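Spelled out from the first residue to the last, the chains are:
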Amino acid sequence: MSNRVVCREASHAGSWYTASGSQLNTQLEGWLSQVQTTKRPARAIITPHAGYTYCGACAAFAYKQVDPSITRRVFILGPSHHVPLSRCALSPAEVYRTPLYDLRIDQKVYADLWKTGMFERMTLQTDEEEHSIEMQLPYTAKAMESHKDDFAIVPILVGALSESKEQDYGKLLSKYLADPSNLFVISSDFCHWGQRFRYTYYDDAQGEIYSSIEHLDKLGMSIIEQLEPISFSNYLKKYRNTICGRHPIGVLLNAVEELKKNGIDMNFSFLNYAQSSQCRNWQDSSVSYAAGALIVH
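Residues numbered from 1 in each chain as written. Predicted model: local features only at pLDDT ≥ 70, side-chain atom pairs only at ≥ 80, totals over all residues. Heavy atoms only, no water.

Defined as follows: UniProt positions are given in the numbering used here, feature names are shortened, and annotations may be inferred rather than shown by experiment.
Within an unreviewed UniProt entry, the label attached to the protein chain reads Protein MEMO1, and the organism entered is Acipenser oxyrinchus oxyrinchus. Regarding the protein chain, the relevant UniProt record gives this comment under Sequence similarities (unreviewed entry): "Belongs to the MEMO1 family."

1. Comments concerning the packing of helix H3 (residues 107-115) against helix H6 (residues 163-177)
Short version of the rule: Convention adopted: a line fitted to C-alpha atoms gives each axis, helices being fitted over their contacting stretch, and angles between N-to-C directions are expressed from 0 to 180 degrees. We count a stretch as a helix when DSSP gives it H or I for four or more residues in a row; a strand needs E for two or more, and each element gets its number in order from the N terminus. Oblique is the label for every angle not falling under 35 degrees (roughly parallel), over 145 degrees (roughly antiparallel), or within 65 to 115 degrees (roughly perpendicular). Should the near helix be turned anticlockwise from the far one by less than a right angle, the crossing is left-handed, and should it be turned clockwise, the crossing is right-handed. Throughout, a residue-residue contact means that at least one pair of heavy atoms, one from each residue, lies within 4.5 Å. Classification used: nonpolar for Ala, Val, Leu, Ile, Met, Phe, Trp, Tyr, Cys and Pro, charged for Asp, Glu, Lys and Arg, polar for all others including Gly.
Axis separation between H3 and H6 bottoms out at 12 Å; the angle between their running directions is 155 degrees. Here H6 runs roughly antiparallel to H3, going by the angle between their axes. Of the two possible hands of crossing, H3 and H6 adopt the one that is right-handed. Along its contact with H3, which presents Val109, Asp112 and Leu113, the element H6 presents Leu172, Leu173 and Tyr176. Of the residues that constitute the contact of H3 with H6, the class distribution is 5 nonpolar, no polar and 1 charged.

2. Considerations on the pattern of salt bridges
Cut-off, in case you're wondering: Each salt bridge in this description consists of a side-chain nitrogen of Lys or Arg and a carboxyl oxygen of Asp or Glu lying within 4 Å of one another. Only protein chains enter the calculation, and the probe is 1.4 Å; a residue is then buried if its accessible area is under 20% of its type maximum, exposed if over 50%, and partly exposed in between.
A full pass over the atoms with the stated rule returns 15 salt bridges. Lys115 is the partner of Asp112 in a salt bridge, and the nearest nitrogen-oxygen pair spans 3.4 Å. One end of the pair, Asp112, and the other, Lys115, are both in helix H3, 3 residues apart, so they sit about a helical turn from each other. Owing to a relative accessible area of 25%, Asp112 belongs among the partly exposed residues under this scheme. By relative accessible area, which is 66% here, Lys115 ends up exposed. A salt bridge links Glu258 to Lys261; the shortest N-O distance between them is 3.2 Å.

3. Quick word on the pairing of strand E12 (residues 286-296)
What counts, and what does not: At least two DSSP bridges between two strands are needed for those strands to be called paired.
Of all 11 residues that make up E12, 10 are buried, and the element is covered over most of its length. Sheet topology note: the strand E2 (residues 44-47)/E12 ladder contains 3 bridges and is antiparallel. Pairing of Ile45 across the sheet is with Ala293, part of E12. The pairing of strand E10 (residues 192-193) with E12 spans 2 bridges and is antiparallel.

4. Considering the packing of helix H8 (residues 229-239) against helix H9 (residues 246-261)
The geometry of H8 relative to H9 is characterised by a closest axis approach of 9 Å and an angle of 155 degrees between their N-to-C directions. Classified by the angle their axes make, H8 and H9 are roughly antiparallel. When H8 is examined against H9, the residues Pro229, Phe232 and Leu236 are found in contact with a partner set consisting of Arg246, Ile249, Leu253, Asn254 and Glu257. Tallied by class, the residues present in the contact of H8 with H9 amount to 5 nonpolar, 1 polar and 2 charged.

5. Overview of the environment of Ser33
Its place among the elements puts Ser33 in helix H1 (residues 21-33). Overall, Ser33 belongs to the exposed group, its relative accessible area being 51%. Considering only alpha carbons, one finds Ser33 and Ala60, 27 residues apart in sequence, at a separation of 8.6 Å.

What follows is the structure in structure tokens.
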């Protein structure tokens, strides 16, 4: 038996964000210093996962709401971009590398999740090719640095779930969401607009294309703020908005729904919205980003 620790390398460092720990630290500090703490302590955040030059400033609005002094576990739910997956998957790794410091996976929670029979194992290659979880790791490391030896992560790759599966995973994870020492990070970009994304919804009543995109996204964001999974599903069916983390968001909304049945009062608010560029014609394309936080009263 080998005692070698299985590590997931920071495979997108050097391309999607800098591989230099000191540069990365300076960048993250810069973005976080521009933002106010208004929704702390967040129990869950929704935050984008594009290259940091595009969405780093937006993501800071969510991570600024994290309270490292009470957080012991960070669940990171990211959508699967490269492999077809109809359920959720756990990583084979024990440690996730970042240019700041290594993050360890909570093996006890992983074992408990595995026992439910609801999860599959992704390969290390699948894990390293996927960016949706990795892009949350440096920010998680930065937000938690004052307690870096006191917490672990629980990465979950979320497949293309049916509504009933979103409900099942929401129920399963609700007991973890109920625990104030857990933080949920929901990794999602918003509208991917343009011919390269095969999505060109346009409402000319909104004026320019980028204004139509913003109107569409903000409609979805206001529905997420209502914390009603059915309304969010209906919105997606109606507009087909290309929100890549719609399934992780659906799981969160169903977990919240479960806790509301037990009389737990929560509210979600978005704190920032941005677009990678402003689309003005049919040749243009853009990706939208939003950052928000869930508070438990």
